[in-house]
Amino acid sequence: MPVTNEQLIKISTMNKNEKFVITLNRELGSGGRTVGEKLAAKLGVKFYDKALIKALEEKYNLTVEEIERLKGRNHSWWAEFSRSFFLAEKVKTMYYNDISALDEPDVLTTDEMFETEKQILTNIAEEESCIIAGRLGFSVFSNHPNHLSILIQAPMEQRIQRVMKKQLLGREDAEKVIKKVDKMRENYVKKYAETSRYDTRNYDLVISMAGHTEDEVVDLIMQYIK
């Protein structure tokens, strides 16, 4: 049975008038990244994803030890850091210009890299409201007092068509890419969160893009959190 707007309002516990974090898991080719970016724009917060976090690690040589040193010097190190290096667009451009980098094997993540990413994410959320895509956000922020966890999915045919268009691939290659990335992401979640990314108990809201535009899904999420 469809969930009504009234039910959505009753279910939601996130308060957008206080500091919040929304974590967004999405299937490759679902349009989830676009939904996240548009939702961030509507809420007036920043959108962080794998490409940005990885670019930060590499460009500024961030490690767990370096983050601890920065925190020891200044509790609000992330706010100072992001202002100093014009983080929002300039850093991630390096990766958004390289399609292959957006979905490289998560299995290559080391334990140290995972801990570094976790530190970066938690410090971002301490400083500001934000939307974080992937990176095990649903697990990292499972105990956050004002956290909303979302999973965005789409039918396989819809995903194939989107990947074909975005990455200029033939149908067979697009399907191979989707299956490869699905497996990599599932392995990543199983390794570091000991659960499945498809377990709906990890999320407050699970949305299918079938028959919906990104803007319609953004509006649905906005109704949910009002």
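Residues numbered from 1 in each chain as written. Predicted model: local features only at pLDDT ≥ 70, side-chain atom pairs only at ≥ 80, totals over all residues. Heavy atoms only, no water.

Caption draft 1: Seen up close, the overall build of the protein chain. Helix and strand content of the protein chain: twelve helices and five strands. Out of the 226 residues in the protein chain, the part that is buried amounts to 49%. A fraction of 76% describes how many contacts in the protein chain between residues 6 or more apart in sequence connect residues 24 or more apart. Put simply, the protein chain shows about 11600 Å² of open surface, and 51% of that area lies on carbon and sulfur atoms. (Helix = DSSP H or I, 4+ residues; strand = E, 2+ residues; numbered from the N terminus. Buried < 20%, exposed > 50% of the residue type's maximum accessible area, 1.4 Å probe, protein only. Contact = heavy atoms within 4.5 Å. Areas by Shrake-Rupley, 256 points an atom, 1.4 Å probe, with all protein chains shown as cover.)

Caption draft 2: Helix α12 (residues 214-225), seen in detail. Under the 1.5 Å per step criterion, the end-to-end length of α12 is 17 Å for twelve residues, consistent within 8% with the ideal 16 Å. Residues of α12 that are buried include every one of E214, V217, V218, I221, M222, Y224 and I225, and no others. Buried positions in α12, seen along its axis, are confined to an arc of 155° and lie on one side of it. (Expected span 1.5 Å × (residues − 1). Arc of directions from axis to C-beta.)

Caption draft 3: The arrangement of the pairing of strand β1 (residues 21-26) in detail. Of all six residues in β1, six are buried; the element is thus mostly enclosed. Residues V21, T23 and N25 line one face of β1 and the alternating positions I22, L24 and R26 line the opposite face, and both faces are buried. As judged from the four bridges shared by β1 and strand β3 (residues 130-133), these two strands associate in the parallel manner. By the bridge assignment for β3, L24 is matched with A133. Direction of pairing for β1 relative to strand β4 (residues 147-153): parallel, over a ladder of six bridges. By the bridge assignment, N25 is partnered in β4 with L151. (Pairing = 2+ DSSP bridges.)

Caption draft 4: Structural view of the pattern of salt bridges. Throughout the structure, instances matching the rule amount to twelve salt bridges. One salt bridge connects K179 with E175, and the closest N-O pair in it is separated by 3.4 Å. Here K179 and its partner E175 are both found in helix α11 (residues 171-193), four residues apart, which amounts to about one turn of the helix. By relative accessible area, K179 is classed as partly exposed at 48%. (Salt bridge = Lys/Arg side-chain N within 4 Å of Asp/Glu carboxyl O.)

Caption draft 5: Region of interest: the packing of aromatic side chains. A complete count under the given rule lists four aromatic pairs for this structure. Here F114 and Y188 contribute two aromatic rings whose centre-to-centre distance is 6.5 Å and whose plane-to-plane angle is 75°, an arrangement assigned as edge-to-face. With F114 in helix α8 (residues 111-127) and Y188 in helix α11, this pair connects stretches of sequence that are 74 residues apart. In terms of burial, F114 and Y188 fall into one category: buried. Note on Y188 and Y192: the rings are 5.4 Å apart at their centroids and 55° apart in plane angle, and the pair reads as tilted. (Phe/Tyr/Trp six-rings, centres within 6.5 Å; stacked < 30°, edge-to-face > 60°.)

Caption draft 6: How the structure looks around the nonpolar core. Grouped together as the largest cluster of nonpolar side chains are 25 residues, with contacts concentrated most on I22, L39, L43, I131, I150 and I221. Of all the elements in the fold, those that place two or more residues in this core are β1, α2 (32-43), β3, β4, β5 (205-208) and α12. Broken down by element, the residue count for this core peaks at six residues, all from α12. With sequence-adjacent residues up to four places away left out, I150 is seen in contact with I22, T23, L24, N25, Y203, L205, I207 and I221. Within the second largest apolar cluster, 23 residues are counted, among which are Y48, L52, F141 and V189. (Core = buried A, V, L, I, M, F, W, Y, C linked by side-chain atoms within 4.5 Å.)

Caption draft 7: Seen up close, the environment of F138. Looking at the secondary structure, you find F138 in helix α9 (residues 137-140). Overall, the relative accessible area of 5% leaves F138 in the buried class. Beyond its immediate chain neighbours, meaning those up to four positions away, F138 contacts T23, N25, H147, S149, V189, A193, T195, N202 and Y203.

Caption draft 8: Representation of the sheet that holds β3 in the model. Strand order in the open sheet formed by five strands is β2-β3-β1-β4-β5, and the pairing between neighbours is parallel. The open sheet has two edge strands with one neighbour each: β2 (46-48) and β5. Across the sheet, the mean angle from the axis of one strand to that of its neighbour is 20°, orientation sign disregarded. Across the sheet, α12 lies against β4 and β5, angled at about 160° from β5, the strand it touches most. (Axes fitted to C-alpha atoms, helices over the stretch in contact; angles between N-to-C directions.)

Caption draft 9: Inspection of the pairing of β4 at higher detail. Counted residue by residue, β4 has six buried out of seven residues, so it is predominantly covered. Two elements, β4 and β5, share four bridges in a ladder whose sense is parallel. From the neighbouring strand, Q153 faces β5, where its bridge partner is S208.

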